[in-house]
Amino acid sequence: MKRLDPRTRLAVGFLAIAAVVATRRSSTVVAELIAVVGILPLLGLIRPWISSLKFMLPVTVLVFLVGTISFSLGEALFLSIRLVNLLTLSFVVFQKVTVKEIGESARKIGLPYGFSFILTSSMRYVPLLGDRLAGIMDAQRSRGIDLRPRLRNIPNFLALAVPLLVQSFVLSEQLAMAMEARGFSIKGRTFRKLMRLGPVDWILMALSTGLFALFVSWEVLGSGG
Amino acid sequence: MIKLNNVSYRYKGCREWVLRDIDLRIEEGDFLLLCGGSGSGKSTLAYVLSGLIPHFLGGELKGEVAFQGIDTASMSISDFLSRVGLIFQNSDAQLFNGTVEEEMAFGLEAMGLAEAEIERRIKEVAHALGIESMMDRSPMHVSGGEKRLVAIASVLCLNPHVLILDEPFSNLDWAGGARLRQVLVGLNRSGRTVILVEQRLGQIIKDVSRCVIMENGRIIFDGPPVSSRHYLEKARLLPQYPPKTHNTQSGETLPVVSVRNLYHRKIDRDILHDISMDVRRGEILAILGKNGAGKTTLARHLNGLLKPQRGEVRVDGVRVSQKKSPEMAKWVGISFQNPSDQFFKNTVREELVVGISRSGANPEKRLEELGELFGLKDLMDRSPHLLSEGQKKRTAVASILAMDPRVLVLDEPTIGQDGRFLETMARVLAALRRKGQTVVMVTHDLEFARATADRWIMLDEGRVVGGGSAADDFKAVVVNETP
C-alpha cells in the first residue's frame with residue numbers, strides 16, 4: 001500500500017467514498033459495510049478502528065434516532081449504515097495517507113506550496129488545540145465553573161471559547177515567526193523524496209475509475225432511478 | 001561577528017521602547033548568557049540578532065546592526081538561514097512538521113539544497129545529537145527534553161555560525177536540563193557561537209564564557225560570569241527567599257487529603273501505581289518528579305477531575321469520587337501550569353470575583369485581601385491577557401484562592417517565571433502557611449520546593465520513590481539536579 005503514490009491512495013479512497021454516497025439500495029449498503037469492515041484487518045486497522053468507534057457511534061445513534069422519527073425504521077437503518085461506511089472509509093484514507101502526503105498531493109495538482117503547507121499544518125495542529133481545550137476545561141472546572149452539558153450552562157462555555165481563541169491567535173503568531181525564521185517564504189525551495197506516478201498507480205486509478213462508473217450506472221439503473 | 005551600535009527598538013503600534021541604546025559585540029566562539037527578568041527585552045534582542053527584527057516583525061529600529069560587517073537591514077531573511085539560527089521558547093510553535101526527519105529537512109529544502117546534501121546533513125546532525133532513533137516520530141509526541149533537541153537539530157542542520165536559544169531550560173526537568181547542558185557545551189566547544197537567553201540561572205552560568213544582563217531594555221552588565229553576581233542580584237535574577245519558619249500548624253493533625261492505593265492507566269501505560277500519601281492540614285507539601293512522572297495526573301485526582309480506576313482519594317474524610325467536579329472546586333482548587341487557560345473576563349477584578357462569588361465572602365473585603373497578598377492592587381482594572389507572565393500567574397493563583405478552598409494545589413507554579421516572581425510566590429506561600437492554608441505544590445523545581453515546602457514526596461514513573469521533611473535532602477533520589 002505504502003509503495004503506491006499518495007495521489008493513487010487518495011484517488012482510490014475518494015472514489016470509494018463517492019460510491020458509498022451514490023448507493024441507493026439497502027442490500028448494497030449492507031454489502032458495502034461487510035466489504036469495508038472486512039478490509040480493515042488486511043490493512044492492519046482493526047484495533048484503531050474499534051477505538052474510533054467511540055466517536056463514530058454517538059453520531060450514528062443520533063442519525064438513527066432522527067431518521068426513525070423523521071422517516072421510517074428502514075430509512076434510519078440505511079442512513080446509519082451508510083454513515084458508518086463513510087466514516088470508516090474516511091478513517092482508512094486518513095490512516096493510509098499522511099498529512100504531509102496530502103499536502104504534497106495538493107501541491108502536485110497545482111496548489112501553491114504556501115497554501116498546501118498551511119493546509120497540512122492546520123490539520124496537524126488540530127490535536128494540539130484539542131489538548132489545549134482539554135487543559136482549559138480542567139482549569140475552568142477547577143474554578144467551579146459547571147461545564148456539564150445543560151441548557152443553563154451555555155453561558156459558561158464562554159470560559160472555554162475565550163482562552164482557546166486567545167491561545168490560538170498567540171500560537172499562530174509564534175508559528176508564523178518560527179516558520180519564517182526557517183525560510184518558509186524563500187523562493188526556490190527544493191523538494192526531496194519527490195512523488196512519482198508509476199505504471200501500477202496508473203493501472204489502479206484507471207481500474208478504480210472504471211469500476212466506479214460501472215457501479216454508479218448499475219446502482220442507479222438497478223434502483224430504478 | 002555581530003555588532004550592535006546604539007540600537008533601540010519599539011514594536012509596531014507601541015510607544016514604549018523595548019530596547020534602549022544597546023551596544024554589543026558578539027565574537028566568534030562566544031558562549032554567551034543573555035539574561036534578564038520578564039520584560040527586560042532579552043527575547044526582543046534575540047529577534048534583532050536573528051534578523052526577525054526588522055525583516056518580519058517590523059516596528060521601529062534605530063542604530064546599526066551588522067553581521068560580519070554587513071548591515072542587517074540590507075540583508076533578507078534568507079541571508080540569515082546559514083548565519084544565525086534561533087530556537088524559540090515554545091516548542092509547539094517551533095516544531096510544525098509531521099516527523100522529526102521532515103522537521104530537520106524543512107530549512108534545508110528552503111535553502112534549495114540537493115536531496116543528497118539534505119540527507120547527509122540530517123544524518124550528521126541526528127548522529128551528533130543522538131536522536132537517530134526518533135526520526136520517524138512526530139515531534140509533537142516526544143518528551144519535553146527531546147523536543148528541545150529536535151528544535152536544535154532542525155536549526156543546526158542549516159549550519160549557522162550563531163545559535164540562539166530562547167529559554168531552552170524552561171519546562172525541562174533536571175534530567176532533560178542536564179542532557180541539554182551537555183549538548184550546548186559540546187556545540188560551543190566545536191567552535192560554534194552559542195547565545196542562551198535565560199531568566200533562570202542554574203549551573204549553566206558555570207559553563208558560559210560571558211554574561212550579559214539586561215534590565216528595562218538596557219544592558220546593565222557585560223562581562224565574565226564570575227564578576228556578575230552583584231548585577232544578577234540587582235536584576236533579581238538570583239532569588240532571595242525569605243527564611244522558612246517552623247510550621248506549627250501541620251504537626252500531628254489529621255490529614256485533610258488522604259490518598260490510598262491510587263492507580264491510573266492511560267492507553268497502554270500505567271501512569272500511577274498504588275500511590276498512597278497524606279496531606280496534613282496547614283502544611284505545604286511538594287510533589288516532586290521529572291516530567292512524565294505522574295505528578296499532574298495525581299493532582300487531577302485530588303479534586304475529582306479524574307476518577308480513581310483503583311484505590312481512593314478522600315478530602316476531609318469524604319470520597320472525592322462521590323462529589324461532582326464543580327462542588328469539589330470549593331474543597332480543592334487547582335491552579336494549572338498555564339495561567340492563560342483560566343482567563344475569560346475583561347479585568348483582573350472580574351476574574352477574582354468569579355472565585356469570590358463561589359466562596360460566599362464579602363467581595364470588596366476579599367478583593368482587598370487578595371490584592372494585598374498577591375500584589376495585584378494596581379492591576380485590578382487591567383485585562384489579564386495583557387499582563388506580564390509573573391502577573392498572569394499571580395492572578396491565576398489568586399483567582400483559585402478566591403474560592404477559599406480547603407486545599408490549594410499549584411501545578412508547576414515556577415515554569416517560565418523569573419527570580420522576581422519566585423521571591424513573590426515564596427512570600428505568598430509563607431503568608432498562606434501563617435494563615436493555616438493547606439497547599440500542595442506539584443513541581444520539578446527542586447530549589448523552589450526546598451525554599452518553600454514543609455514536606456516532599458518524590459514520584460518516578462508513577463510510584464512514590466522517596467519523601468521527607470524540608471530538612472531532608474532530595475539528593476538521595478535525584479541525579480543531575482540543576483541544568
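Residues numbered from 1 in each chain as written. Chains lettered and ligands numbered in written order. Predicted model: local features only at pLDDT ≥ 70, side-chain atom pairs only at ≥ 80, totals over all residues.

## What about the overall build of chain A?
Consideration 1: Across its full length, chain A holds eight helices and zero strands.
Consideration 2: For chain A, the succession of helices and strands along the chain, N to C, is α-α-α-α-α-α-α-α.
Consideration 3: Taking 225 residues into account, the globule formula puts the C-alpha radius of gyration at 17 Å, and chain A, at 22 Å, lies well above it.
Consideration 4: With the principal axes as the frame, chain A shows a C-alpha extent of 60 × 55 × 30 Å.
Consideration 5: By residue count, 22% of the 225 residues in chain A fall in the buried class.
Consideration 6: Within chain A, residue pairs in contact and separated by at least 24 positions form 70% of the contacts whose partners lie at least 6 positions apart. (Helix = DSSP H or I, 4+ residues; strand = E, 2+ residues; numbered from the N terminus. Rg over C-alpha atoms; globule rule 2.2 N^0.38 Å. Buried ≥ 20, exposed ≤ 12 C-beta atoms within 10 Å, placed from the backbone. Contact = placed C-beta atoms within 7 Å.)

## Some words on the interface of chain B and chain A
Consideration 1: Each partner contributes residues to the interface: chain B has 51 residues there, and chain A has 38 residues.
Consideration 2: For the side of chain B that touches chain A, the secondary-structure elements that each account for two or more residues are α3 (77-80), α4 (91-94), α5 (100-110), α6 (115-129), α11 (325-328), β16 (332-335), α12 (348-359) and α14 (389-401) of chain B.
Consideration 3: Top contributing element to the side of chain B that touches chain A by residue count: α5 of chain B, with six residues.
Consideration 4: Split into classes, the residues belonging to the side of chain B that touches chain A amount to 26 nonpolar, 17 polar and eight charged. (Nonpolar A, V, L, I, M, F, W, Y, C, P; charged D, E, K, R; others polar.)

## Here's the deal with the domain arrangement of chain B
Residues and elements named next belong to chain B.
Consideration 1: Taken domain by domain, chain B comprises domain 1 (2-234) and domain 2 (255-477).
Consideration 2: Centre-to-centre separation of domain 1 and domain 2, based on C-alpha positions: 33 Å.
Consideration 3: Of the residues that constitute the side of domain 1 that touches domain 2, the class distribution is two nonpolar, nine polar and one charged. (Domains from an automatic or database assignment.)

## Some thoughts on the environment of isoleucine 219 of chain B
All names here are of chain B.
Consideration 1: Tracing the sequence through the fold places isoleucine 219 in strand β10 (residues 218-223).
Consideration 2: Residue classification places isoleucine 219 among the buried residues on the basis of 23 C-beta atoms within 10 Å.
Consideration 3: Sequence-wise, isoleucine 219 and valine 397 are 178 residues apart; in three dimensions their C-alpha atoms are separated by 32 Å.
Consideration 4: The contact partners of isoleucine 219, leaving out residues within four places of it in the chain, are Ile22, Leu24, Val212 and Met214.

## Examining the domain arrangement of chain A
How big an interface is tends to be stated in terms of accessible area lost as the parts join.
All names here are of chain A.
Consideration 1: Splitting chain A by domain gives domain 1 (1-97 + 194-225) and domain 2 (99-186).
Consideration 2: Between domain 1 and domain 2, the C-alpha centre-to-centre distance is 28 Å.
Consideration 3: Taken residue by residue, the interface counts five residues in domain 1 and five residues in domain 2.
Consideration 4: For the side of domain 1 that touches domain 2, the class distribution of residues is four nonpolar, no polar and one charged.

## Observations concerning the sheet that holds strand β4 (residues 60-67) of chain B
Residues and elements named next belong to chain B.
Consideration 1: With respect to topology, four strands assemble into an open sheet ordered β2-β1-β4-β5, the strand pairing being antiparallel. Looking at which strands have only one partner, the edges of the open sheet turn out to be β2 (19-26) and β5 (70-71).
Consideration 2: In terms of strand pairing, β4 meets β5 through two bridges, oriented antiparallel. Following the sheet pairing, phenylalanine 67 is matched in β5 by isoleucine 70.
Consideration 3: Where helix α1 (residues 42-49) meets the sheet, it contacts β1 (2-10), β2 and β4, and its direction lies at approximately 125° from that of β1. (Pairing = 2+ DSSP bridges. Axes fitted to C-alpha atoms, helices over the stretch in contact; angles between N-to-C directions.)

## Things to note about the packing of helix α1 (residues 6-22) of chain A against helix α4 (residues 73-96) of chain A
All names here are of chain A.
Consideration 1: The geometry of α1 relative to α4 is characterised by a closest axis approach of 10 Å and an angle of 175° between their N-to-C directions. As judged from the angle between their axes, α1 and α4 are roughly antiparallel. Two secondary-structure elements touch here, α1 through Arg9, Leu10, Gly13, Ala16, Ile17 and Val20 and α4 through Arg82, Asn85, Leu86, Leu89, Ser90, Val92, Val93 and Lys96.
Consideration 2: Along the lines of polarity and charge, the residues of the contact of α1 with α4 split into eight nonpolar, three polar and three charged. (Parallel < 35°, antiparallel > 145°, perpendicular 65-115°, else oblique.)

## Points about the nonpolar core
Consideration 1: With 82 residues, the main nonpolar core has Leu34, Ala153, Ile164, Ile195 and Leu196 of chain B as its most contacted residues.
Consideration 2: With seven residues, the single largest contributor to this core is helix α7 (residues 144-156) of chain B.
Consideration 3: Ranked by size, the runner-up nonpolar core spans 70 residues in total, among them Met137 of chain A together with Val332, Leu379 and Ala453 of chain B. (Core = buried A, V, L, I, M, F, W, Y, C linked by C-beta atoms within 7 Å.)

## Overview of the pairing of strand β11 (residues 255-266) of chain B
On any regular strand, side chains alternate: one points to one face of the sheet, the next to the other face.
All names here are of chain B.
Consideration 1: Summarising the sheet, β11 and strand β12 (residues 269-280) pair through eight bridges and their orientation is antiparallel. Bridge pairing links arginine 265 to aspartate 270 in β12.
Consideration 2: Here five bridges tie β11 to strand β14 (residues 310-315), and the two strands are oriented antiparallel to one another. Bridging from a neighbouring strand, valine 259 pairs with valine 313 of β14.

## Topic: the pairing of strand β13 (residues 284-289) of chain B
All names here are of chain B.
Consideration 1: Across the six residues of β13, six count as buried, placing the element largely inside the fold.
Consideration 2: Burial along β13 is two-sided: the face carrying Ile284, Ala286 and Leu288 and the face carrying Leu285, Ile287 and Gly289 are both buried.
Consideration 3: Strand direction decides the pairing type here: β13 and strand β18 (residues 438-443), joined by five bridges, are parallel. Looking across to β18, one finds that isoleucine 284 is bridged to valine 439.

## Some details on helix α8 (residues 199-222) of chain A
One full turn of an α-helix is made of 3.6 residues, so residues set three or four places apart face in the same direction.
Consideration 1: For α8 of chain A, built from 24 residues, the straight-helix expectation of 34 Å at 1.5 Å per residue is met to within 8% by its first-to-last C-alpha distance of 34 Å.
Consideration 2: Counting buried positions over the 24 residues of α8 of chain A gives one, only a small fraction of the element. (Expected span 1.5 Å × (residues − 1).)

## Observations concerning the sheet that holds strand β9 (residues 210-215) of chain B
Residue and element names in this part refer to chain B.
Consideration 1: The strand order β6-β7-β8-β3-β9-β10 describes an open sheet built from six strands, whose pairing is mixed. At either end of the open sheet lies a strand with only one pairing partner, and these are β6 (84-87) and β10. Between one strand and the next, the sheet's axes are offset by a mean angle of 15°, whatever the strand orientation.

## Some remarks on unusual backbone geometry
All names here are of chain B.
Consideration 1: The step from isoleucine 53 to proline 54 runs through a cis peptide bond, and the omega angle for that step is 10°.
Consideration 2: Its location among the elements puts proline 54 in helix α2 (residues 52-55).
Consideration 3: In this structure, glutamate 461 takes a positive phi of about 45° despite not being glycine.

## A short note on the packing of α6 of chain B against α7 of chain B
All names here are of chain B.
Consideration 1: Put simply, α6 and α7 touch, their axes get as near as 10 Å, and they point 145° apart. In the packing of α6 onto α7, the handedness of the crossing is right-handed. Each of Val125, Ala126 and Leu129 in α6 lies in contact with α7, whose residues at this interface are Leu149, Ile152, Ala153 and Leu156.
Consideration 2: In terms of residue class, the contact of α6 with α7 is built from seven nonpolar, no polar and no charged. (Left-handed = near helix turned anticlockwise from the far one by under 90°.)

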